[in-house]
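Each chain, letter by letter, is given below.
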Amino acid sequence: MLEVENLRVAYRELLALHGISLEVHPGEMVALVGPNGAGKTTLLKTVAGLLAPRAGVIRWHDETISRTSAQRIVEHGIALVPEGRRLFSDMTVRENLELGAFTRRAQKEKKLQLEKIYSLFPRLFERQRQRAGSLSGGEQQMLALGRALMGLPRLLLLDEPSLGLAPRVVDSIMSILSELHHDGMSLLIVEQNVHAVLALAQRAYILEGGRIVSTGEAKRLLDDDHVRAAYLGPLARGAE
Amino acid sequence: MGKLFTTYYLLLATFKMILTQQLILGLLVGGLYGLAAAGLSLTFGVLRVLNVAHGELLMVGGYATFWLFTLWEIDPFLSLLGVGPAMFVLGLLLYAVLFRFVVRADEEARIKNSLLIGFGLTLVLHALAIQLWTADERAVTTAYSGAVLRLGPIAIPLLRLSSLLFAFAILAALHLFLARTRWGRAIRATAEDWEAAALMGIPVGRTYLLAFALGTALAGIAGGLVSISYSISPSIGMEWTLKALIVIVLAGLGSLFGSFAGGILLGLAESMSVVFLGGPYREVVGLMLFLLVLLVRPQGLFGTRP
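A brief structural summary. (Residues numbered from 1 in each chain as written. Chains lettered and ligands numbered in written order. Predicted model: local features only at pLDDT ≥ 70, side-chain atom pairs only at ≥ 80, totals over all residues. Heavy atoms only, no water.)

## What about empty space enclosed by the protein?
Reasoning step 1: Applying the stated criterion across every chain yields a total of two cavities of 30 Å³ or more.
Reasoning step 2: Counted as a void, the largest cavity has a volume near 60 Å³.
Reasoning step 3: What lines the largest cavity is V74, G77, I78, A79, G100, R147, A148, G151 and P153 of chain A together with L199 and M200 of chain B.
Reasoning step 4: Mapped by element, the contributors of at least two residues to the lining of the largest cavity are β6 (78-81) and α7 (137-149) of chain A.
Reasoning step 5: In the lining of the largest cavity, the residues fall into seven nonpolar, three polar and one charged.
Reasoning step 6: Computed from the structure, the second largest cavity encloses a volume of approximately 30 Å³.
Reasoning step 7: The wall of the second largest cavity is formed by A48, A70, I73, V74, I78, A79 and L80 of chain A together with L199 of chain B.
Reasoning step 8: Elements supplying a minimum of two residues to the lining of the second largest cavity: α2 (70-76) and β6 of chain A.
Reasoning step 9: Class assignment of the residues belonging to the lining of the second largest cavity gives a composition of eight nonpolar, no polar and no charged. (1 Å grid on protein atoms, 1.4 Å probe; cavity = no way out; pocket = protein on both sides within 12 Å on 5 of 7 lines; lining within 4 Å. Points joined across faces, edges and corners; volume = space filled by probe spheres on them. Helix = DSSP H or I, 4+ residues; strand = E, 2+ residues; numbered from the N terminus. Nonpolar A, V, L, I, M, F, W, Y, C, P; charged D, E, K, R; others polar.)

Here you go:
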């Protein structure tokens, strides 16, 4: 349902993506891994409408959305949980969640969805009157996820959901992601924690220097020599 | 010996009275500084664009109130209920014609271009006001303009007191709007992180438009109150922009009531300087405070982030 074809994205003169093609099928969990500066964040931001591509096409249910604004893309059902969470830290947990349901489509389901989010993350319910900035790292990530879910997405784009979190918190985030996946959500995940995400995802793309260098079933990539050496070995970043 | 003491106490009593009187006047003018600053702070906080023509917009609101009263004898406090929305519409137009193109630019170009546009607008509005209404100083003089509330030897001008209360009521209403409504929250979200706001489906361009128009309406209402309580002329703009800027630095961005408190603080500081240093130092004190706060607490007295 999401098709990216030959996508080129540049920051001023500097080309960050040199013709990327990838797909996410309905209900699929796809991982996107690669070193820092490979263009993973750029790719997610472009799909979400925050960056405009130089060339190439992004299609969503056979509709071209490469030139659609971020605000309209949310209406289409694609939500990005950005790197560093980007919460509205001066506002309360509750206000953050309600802002997640800003679109007309989500506004109608707001009450019901809020209850769902609170049952998925009971901690957020307990802290709903607190400032988002006062939450712990793990709670903030849950809030960022919950806020995105308030928009009733069909495809979730996640940028480094486990960054800076304690191992136990990472586990709980990962299990929530797999729970969402089982409920039929499509996910495209950028993750430094390569081992964890490849174990969870069905397919994966490996991005290096703005190009896709390898793709295939996630389980198979776990055994791939290049992947093992670059991302899973003792010197790999993801193993830290 | 006894006579000396009597003179001394008399002087002290007089001094206390003058001080109290000045502090009250400072408090009253401070409320208007606060209202002017709240408008500037709203546009600056949301659009990240400093509108140096804010004082000129205030001047335009002042003239609107003045002419509505002079030509049709519409009570100034009543006419403000019309001047506010009219200035809101003017804000919509100014944003659509001028500022819309600035906010798309990256940070450096945004600052440079917004200053150019702002100063241009300042010159145009200033010249227009002189052409249309001459350079004379004007003030709304109602039948109740001279009324004062007497507390012993202290006199409180009723009109200025009502202006202060009116300013406070406007800010309270705006606060409720920003805190409780869907679009108010969208404005606050955009102020904090416009990219994250866009990811929520908030139309960032429209929140900019709304914030700018609200800022313009606040300037207009402040101007109306200035024309009621003090006086206006085509050249008051820069002075009010400067006051608003000092208050923003003093109070920090992001809180309406912070701006209001900051305005009152500036008003009080100015009146103290009149008592202790003499009238000419009035303007200097504000700038001194400005520097002091920048040195000691750059995020402002009530601001949370630098």
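## Structural notes on the interface of chain A and chain B
Interface size, as often reported, equals the accessible area lost upon joining of the parts.
Reasoning step 1: With 24 residues of chain A in contact, the opposing surface of chain B contributes 21 residues.
Reasoning step 2: It is R86, F88 and F102 of chain A in chain A that bury the most area against chain B; as a group they hold 31% of the surface buried on that side.
Reasoning step 3: Where chain A meets chain B, there are seven salt bridges.
Reasoning step 4: With a closest N to O distance of 3.6 Å, R185 of chain B and E95 of chain A form a salt bridge.
Reasoning step 5: On inspection of chain A and its partner chain B, the count reaches nine residue pairs in polar contact (both at pLDDT 80 or more).
Reasoning step 6: Contributing elements (two or more residues each) for the side of chain A that touches chain B: α1 (40-48), α2, α3 (93-100) and α4 (104-108) of chain A.
Reasoning step 7: Looking at the side of chain A that touches chain B, the element that brings in the most residues is α3 of chain A, giving four residues.
Reasoning step 8: Within the side of chain A that touches chain B, the residues separate by chemical class into eleven nonpolar, five polar and eight charged. (Contact = heavy atoms within 4.5 Å. Buried area = accessible area lost by both parts, 1.4 Å probe. Salt bridge = Lys/Arg side-chain N within 4 Å of Asp/Glu carboxyl O. Polar contact = N/O pair within 3.5 Å; in protein donor to acceptor, adjacent residues only side chain to side chain.)

## Re unusual backbone geometry
All names here are of chain A.
Reasoning step 1: Despite not being glycine, D62 shows a phi value in the positive range, around 65°.
Reasoning step 2: For D62, the location among the structural elements is in the loop between β4 (55-60) and β5 (63-64).
Reasoning step 3: Residue D62 is classed as exposed on the basis of its relative accessible area of 66%. (Buried < 20%, exposed > 50% of the residue type's maximum accessible area, 1.4 Å probe, protein only.)

## Focus: the layout of surface pockets
Reasoning step 1: In this model, the second largest pocket occupies a volume close to 460 Å³.
Reasoning step 2: Lining the second largest pocket are 16 residues, with R104, W194, V204, G205 and Y208 of chain B sitting closest to its centre.
Reasoning step 3: Broken down by secondary-structure element, the contributors of at least two residues to the lining of the second largest pocket are α2 of chain A together with α7 (194-199) and α8 (204-229) of chain B.
Reasoning step 4: Examining the composition of the lining of the second largest pocket, we find that three residues originate from one element, α8 of chain B, more than from any other.
Reasoning step 5: Tallied by class, residues from the lining of the second largest pocket come to ten nonpolar, three polar and three charged.

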